[in-house]
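# Descriptive structure summary
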Amino acid sequence: MKRPYPLGVIGDGAALRRRTLRDRLLALLRRRLGELPLRIVFWDGESFDFAAAPSVTIALTSRRLARPLLTGDMNRLGKAYVKGELVVDGRTEDILAVGIALAEGIGATPLMRRIAPLAGLVARLHRPRHDRAGDARDVRYHYDVSNEFYRLWLDRNLVYSCAYFRTGEEDLDTAQEQKLDHLCRKLRLEPGDRLLDIGCGWGGLLCWAAEHYGVSALGITLSGQQAAEAQRRIVAAGLTGRVEARVADYRDLRGAGEFDRIISVGMYEHVGLANLPRYFATIARLLKPGGISVNHGITSGDRDGRGQGPPGGEFINRYVFPGGELPHLSRVVYDIAGAGLEIVDIEDLRPHYPQTLAHWSRRLDAQRDAAIATAGAERWRIWRLYMPGMAYAFEHGWMAVAQIVMLKPLPGGPAPRPWTRGYQYPPSHSPASGG
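Described below are features of the structure shown in this document. This is a predicted model, so every value here is computed, not measured. (Residues numbered from 1 in each chain as written. Predicted model: local features only at pLDDT ≥ 70, side-chain atom pairs only at ≥ 80, totals over all residues. Heavy atoms only, no water.)

### Remarks on the overall build of the protein
Each helix and strand counted, the protein has 17 helices and 11 strands in total. Per-residue burial for the protein yields a buried fraction of 52% across its 435 residues. Long-range pairs, those at least 24 residues apart, make up 73% of the contacts in the protein with a sequence separation of at least 6. (Helix = DSSP H or I, 4+ residues; strand = E, 2+ residues; numbered from the N terminus. Buried < 20%, exposed > 50% of the residue type's maximum accessible area, 1.4 Å probe, protein only. Contact = heavy atoms within 4.5 Å.)

### What about the pairing of strand β3 (residues 56-60)?
Of the two faces of β3, the one holding Val56, Ile58 and Leu60 is buried and the one holding Thr57 and Ala59 is not buried anywhere. The sheet contact formed by strand β1 (residues 38-41) and β3 spans four bridges and is parallel. Considered in β3, the bridge of isoleucine 40 is made with isoleucine 58. Pairing geometry for β3 and strand β4 (residues 86-89), over four bridges, is antiparallel. Each residue of the ladder has a partner; that of alanine 59, found in β4, is valine 87. (Pairing = 2+ DSSP bridges.)

### What to know about the state of the cysteines
Per the stated rule, a full pass over the model turns up zero disulfides. Not engaged in a disulfide, the cysteine cysteine 200 finds its nearest cysteine sulfur in cysteine 207; these two sulfurs lie 9.5 Å apart. (Disulfide = S-S within 2.5 Å.)

### So, the pattern of salt bridges
Side chains carrying opposite charge are able to pair once their charged atoms draw close together. This model, assessed by the stated rule, comprises 20 salt bridges. The salt bridge partner of arginine 185 is aspartate 181, with a shortest N-O separation of 3.3 Å. Of the two residues, arginine 185 and aspartate 181 both sit in helix α8 (residues 172-187), four residues apart, roughly one turn of that helix. With a relative accessible area of 22%, arginine 185 lands in the partly exposed category. When the shortest N-O distance is used, the salt bridge between glutamate 229 and arginine 233 registers 3.8 Å. (Salt bridge = Lys/Arg side-chain N within 4 Å of Asp/Glu carboxyl O.)

### Section: the sheet that holds strand β9 (residues 287-300)
Read from one edge to the other, the open sheet built from seven strands follows the order β7-β6-β5-β8-β9-β11-β10, with strand pairing classed as mixed. The open sheet has two edge strands with one neighbour each: β7 (243-247) and β10 (342-348). The mean inter-strand angle of the sheet, taken between neighbouring strand axes irrespective of direction, is 15°. Here β9 runs beside strand β11 (residues 399-407); their pairing, made up of nine bridges, is antiparallel. Along β11, the bridge assignment pairs histidine 296 with glutamine 403. On top of the sheet, α8 reaches β5 (194-198), β8 (259-265), β9, β10 and β11; it is set at about 145° to β9, its chief contact. Contacts from helix α14 (residues 329-338) reach β9, β10 and β11, with the element oriented near 15° to β11. (Axes fitted to C-alpha atoms, helices over the stretch in contact; angles between N-to-C directions.)

### Concerning the packing of helix α16 (residues 368-375) against helix α17 (residues 377-395)
α17 packs onto α16 with a crossing angle of 125° between their chain directions and a minimal axis gap of 7 Å. On the basis of their axis angle, the class for α16 and α17 is oblique. Residues Arg368, Ala371, Ile372 and Ala375 of α16 form the contact with α17, whose own contacting residues are Ala377, Arg379 and Trp380. The class makeup of the residues in the contact of α16 with α17 is five nonpolar, no polar and two charged. (Parallel < 35°, antiparallel > 145°, perpendicular 65-115°, else oblique. Nonpolar A, V, L, I, M, F, W, Y, C, P; charged D, E, K, R; others polar.)

Here is the structure:
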């Protein structure tokens, strides 16, 4: 039953205490949130609307959730959401807007402001080690959910990274194929080149480069399910013998000067800040003199790689990308230079990621029942919140995407390079024409 604010305190004993707790909670939320298109349904079935015609409903299934709401404990609320104790209903974009308002309103309590510096210190002291076992475990958590789960909402090539839009009106399949081709053009691939893809995912780029540019290729991933699907796609495309996908850690690759080209997409968050020098040194060792490498990855908007935005960023570290660390672009550039590689091009694709995430979110919502059947209700709830939240972060500049083109110098000096960026664009499209 819905009651007008404030709720009257009636009854005695336990009933009185329950109603007093609810009244305290409502008083706090109304003071901090004001007019918000939100309905809260309490554990006893009563509800309160913060505005006329609320677009989002949050149901608290237990009175235990009153305390984290009162104290602004976004980590506890995030856990309750994942477990289904805090039930959220509404359109994804409305849920995101209300969620941000909640985080900024109740997450900024005096208590949370006092402990925030300590929380930041603890986070720095407990940065993930990024050893082989830990990285493999974290990658399996994120990717070995179910190939079928990702197939429900990714494009036909199963590309799980920022797409590339020329107009913003493209469908997801087209935008992702434009991205694959954009990367191949930056690599200046030629028939017979030997390509290494570090973090090859489900093999989309491997197959595209082999089919359209005539290269041979090796892809590595720490995910067994990804490697199996990539190998299946390689066989289906008739590329057996020219292309291979295997489970391997980049730190285990031996040899020197083995590859003409090296590509890595979406690896920054998995490598770890402390391992970036080793990561780029490995690329430099494996690349032939004069060879080209392209890295496409998410970077932090903060110079020191600290989280930005409202409270609650730990949700991604705990439930989406355990062990993830994002470097600032300046840190990436510094470590590339330390590996002896020459940077010749950097492109920012930040505006492209919110569009990509919007496509993924809509497709996941449309496949709700199938997603729950393949990956479970908890995973569906996590991804449903995570993807629009990431879009919001990119829109606000808290994160960015950088494509960096690097050359390995020749023994006698710098490697040659084109005069302009014209090689990056097909004849029908150029930066000047926009078409």
